[in-house]
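So the chains spell out like this:
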Amino acid sequence: MAESYFDRIPTIRYEGPSSENPLAFRYYEKDRVVLGKKMSEQLRCAVCYWHTFAWNGSDVFGAGTFDRPWHRIADPMESAQEKLKAAFSFFEKLGAPYFTFHDRDIAPEGRTLAESHANLDKIIDLAEKEMARTGVKLLWGTANLFSNPRYMSGAASNPDPEVFAYAASQVRKMMDVTLRLKGENYVLWGGREGYETLLNTDMGHEGDQLGRFFTMVAEYKHKIGFKGHLLIEPKPKEPTKHQYDFDSATVYAFLQRYGLEKEFKVNIEANHAILSGHSFQHEVSYALANGIFGSLDINRGDNLLGWDTDQFPNDPLETALVLFTLMSAGGFQTGGMNFDAKLRRQSIEPEDLFHAHIGGMDVLARGLLIAEKMIQDKALTKKLEQRYEGWNQPLGKDILAGKLSLAELSDLALSKGLDPKAKSGRQEMLENLANRYI
Ligand SMILES: [Mn+2]
């Protein structure tokens with residue numbers, strides 16, 4: 001290619017909220033210190049390879065709409081090299097500190113498993129050089145255990161143990177690659193781990209298979225000395241009717257059943273949270289409360305559509321409330337904000353990829369600044385603490401310390417003639433208060 005795909009796009013810079021330049025940040029100011037760290041270090045934004053460089057804009061009704069030059073190259077390895085060059089030029093111009101990928105996004109599947117591994121090694125040699133050249137880091141790696149028809153009945157939960165073994169080889173390889181590239185986490189998304197009908201599914205058996213797979217992954221992590229977190233990404237409904245990793249609570253129960261709750265955390269996606277019937281903030285709060293919060297796939301769904309639309313985030317209040325929850329708990333450790341988000345099919349030009357990511361990073365930055373005000377003012381936190389203040393009094397403390405039995409509490413309620421009065425939850429007042437920070 002004589003001209004690179006993103007040549008006409010300038011390096012994106014911070015110009016402040018009054019800027020009218022659509023190819024500039026209005027809030028994302030990477031070195032600005034927010035809550036004790038640089039904005040770039042608090043948000044840890046990552047660009048995903050699959051939607052942004054591998055997907056061609058196709059949907060179930062029609063062909064790809066994006067005319068990406070690397071998709072026109074017939075030789076799959078040459079195409080992968082051009083895609084890699086374009087991807088790193090995108091990361092550099094955008095100024096995103098991290099990226100994420102599946103094995104099959106970055107290098108093509110070969111005729112055999114061994115050839116697939118060899119293809120991956122060749123492209124990873126080049127990726128390693130690009131990472132050194134640009135300073136862009138790997139937030140996490142993962143293996144695609146869902147696209148190839150061999151996985152149509154699941155990977156680890158497949159009725160055929162040979163498919164399980166094939167998946168094990170892919171995951172082992174990608175864990176090695178993630179370690180080599182100093183990736184900060186390793187992700188497992190259930191993909192096709194789930195079922196359509198119990199007429200052909202032994203749910204208990206498939207659970208044991210999945211538990212065994214995760215156990216092997218945890219053992220291998222320790223064997224190779226990978227220090228990052230292992231993350232499971234909950235998702236309901238799609239692609240199978242019943243997905244085993246439905247939501248954070250389901251994942252946590254599963255991990256506890258197989259004694260893996262200290263080995264895995266969750267990678268929570270905004271759109272998946274909505275599809276499971278929760279809010280994004282609920283899923284984040286649940287994971288934090290149970291010590292399994294890991295990382296975020298940042299995107300949004302559509303209120304009118306019941307599937308995974310994976311749109312770029314654009315709601316400052318929703319983002320601020322999630323960041324308020326996360327930052328109040330100390331923020332990310334090894335996780336970050338991965339844009340698992342894709343353009344609409346009609347957004348066909350190179351600059352549309354920039355508009356999408358600039359908007360996403362700006363809404364996160366704005367949300368972070370709002371969350372900072374909420375945390376510093378303490379008004380919301382104080383109201384919450386006041387609501388539970390009874391638990392700091394002797395009765396509440398004794399209950400939680402296990403000093404009173406059910407019968408003793410009953411005797412106490414009767415002897416003191418307890419008659420607790422209902423207190424307002426003040427929801428509307430609190431909603432008004434939250435809106436004042438915007
Ligand atoms: Mn999604």
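Just so you know, these numbers come straight off a predicted model, no measurement behind them. (Residues numbered from 1 in each chain as written. Predicted model: local features only at pLDDT ≥ 70, side-chain atom pairs only at ≥ 80, totals over all residues.)

*Asks:* For this particular structure, what's the right way to read the overall build of the protein?
*Replies:* Each helix and strand counted, the protein has 16 helices and 14 strands in total. Expected size for 438 residues packed as a compact globule is a radius of gyration near 22 Å; at 24 Å, the protein falls within 12% of this value. By residue count, 41% of the 438 residues in the protein fall in the buried class. (Helix = DSSP H or I, 4+ residues; strand = E, 2+ residues; numbered from the N terminus. Rg over C-alpha atoms; globule rule 2.2 N^0.38 Å. Buried ≥ 20, exposed ≤ 12 C-beta atoms within 10 Å, placed from the backbone.)

*Asks:* How should I be thinking about the domain arrangement of the protein in this particular structure?
*Replies:* The assigned domain composition of the protein is domain 1 (13–377) and domain 2 (382–435). Each of domain 1 and domain 2 has a C-alpha centre, and these two points are 40 Å apart. (Domains from an automatic or database assignment.)

*Asks:* How should I be thinking about the environment of Asp315 in this particular structure?
*Replies:* Mapped onto the secondary structure, Asp315 falls in the loop between strand E13 (293–297) and helix H11 (316–328). The class of Asp315 is partly exposed, set by 14 C-beta atoms lying within 10 Å. Spatially, the C-alpha atoms of Asp315 and Leu364 are 9.1 Å apart, while their sequence positions differ by 49 residues.

*Asks:* Looking at this structure, I do not really get the nonpolar core. What am I missing?
*Replies:* Within soluble globular proteins, side chains that are nonpolar tend to cluster in buried spots. By size, the foremost hydrophobic cluster in this structure holds 104 residues, and its most contacted members are Ala46, Val47, Phe99, Leu364, Ala365 and Leu368. Considering every element that reaches this core, the biggest residue donor is helix H12 (residues 350–377), with 12 residues. Not counting residues up to four positions away in its chain, the partners in contact with Leu368 are Val34, Met39, Gln42, Leu43 and Leu323. (Core = buried A, V, L, I, M, F, W, Y, C linked by C-beta atoms within 7 Å. Contact = placed C-beta atoms within 7 Å.)

*Asks:* Even after reading the chapter, I still don't get the pairing of strand E8 (residues 185–189), so can you show me in this structure?
*Replies:* Every other side chain in a regular strand lies on the same face of the sheet, so the side chains alternate between the two faces. Within E8, 5 of the 5 residues are buried, which leaves it mostly tucked inside the rest of the structure. Neither face of E8 is left uncovered, since the one carrying Asn185, Val187 and Trp189 and the one carrying Tyr186 and Leu188 both have all their residues buried. With 5 bridges joining them, E8 and strand E10 (residues 229–233) adopt parallel strand pairing. The residue bridging Leu188 from the neighbouring strand is Ile232, located in E10. (Pairing = 2+ DSSP bridges.)

*Asks:* Where do I start with the pairing of strand E7 (residues 137–142) in this structure?
*Replies:* Along E7, 5 of the 6 residues are buried, which leaves the element largely enclosed by surrounding structure. In this sheet, E7 lies alongside strand E6 (residues 98–102) in parallel orientation, the contact comprising 5 bridges. The partner of His102 across the bridge, within E7, is Thr142.

*Asks:* Would you mind showing me how to read the packing of helix H10 (residues 280–289) against H11 here?
*Replies:* Two numbers describe a pair of packed helices, the interaxial angle and the distance between the axes. Running from N to C, H10 and H11 cross one another at 5 degrees; their axes reach a closest spacing of 9 Å. Overall, the two elements H10 and H11 adopt an arrangement that is roughly parallel. Residues Phe280, Gln281, Val284, Ser285 and Leu288 of H10 lie in contact with H11, whose contacting residues are Glu318, Leu321, Val322, Thr325 and Leu326. Here the contact of H10 with H11 is built from residues that sort into 6 nonpolar, 3 polar and 1 charged. (Axes fitted to C-alpha atoms, helices over the stretch in contact; angles between N-to-C directions. Parallel < 35°, antiparallel > 145°, perpendicular 65-115°, else oblique. Nonpolar A, V, L, I, M, F, W, Y, C, P; charged D, E, K, R; others polar.)

*Asks:* Got a minute to help me understand unusual backbone geometry in this structure?
*Replies:* Glycine aside, the phi torsion of most residues is negative, and most peptide linkages are trans. Looking along the chain, the bond that leaves Glu238 and enters Pro239 is cis, with omega of 5 degrees. Along the chain, Pro239 turns up in the loop between E10 and strand E11 (242–243). The phi dihedral of Arg44 falls on the positive side, at around 50 degrees, and the residue is not glycine. Turning to its location among the elements, Arg44 is positioned in the loop between helix H1 (39–43) and strand E5 (45–48).

*Asks:* What exactly am I supposed to notice about the packing of helix H6 (residues 161–180) against helix H7 (residues 203–224) here?
*Replies:* The N-to-C vectors of H6 and H7 enclose an angle of 30 degrees; their axes lie 11 Å apart at closest approach. In terms of their interaxial angle, H6 and H7 are classed as roughly parallel. H6 and H7 meet at a crossing whose hand is right-handed. Where H6 approaches H7, its residues Phe164, Ala168, Val171, Arg172, Met175, Asp176 and Leu179 are matched on the opposing element by Gln209, Phe213, Met216, Val217, Tyr220, Lys221 and Ile224. Partitioned by chemical class, the residues of the contact of H6 with H7 number 10 nonpolar, 1 polar and 3 charged. (Left-handed = near helix turned anticlockwise from the far one by under 90°.)

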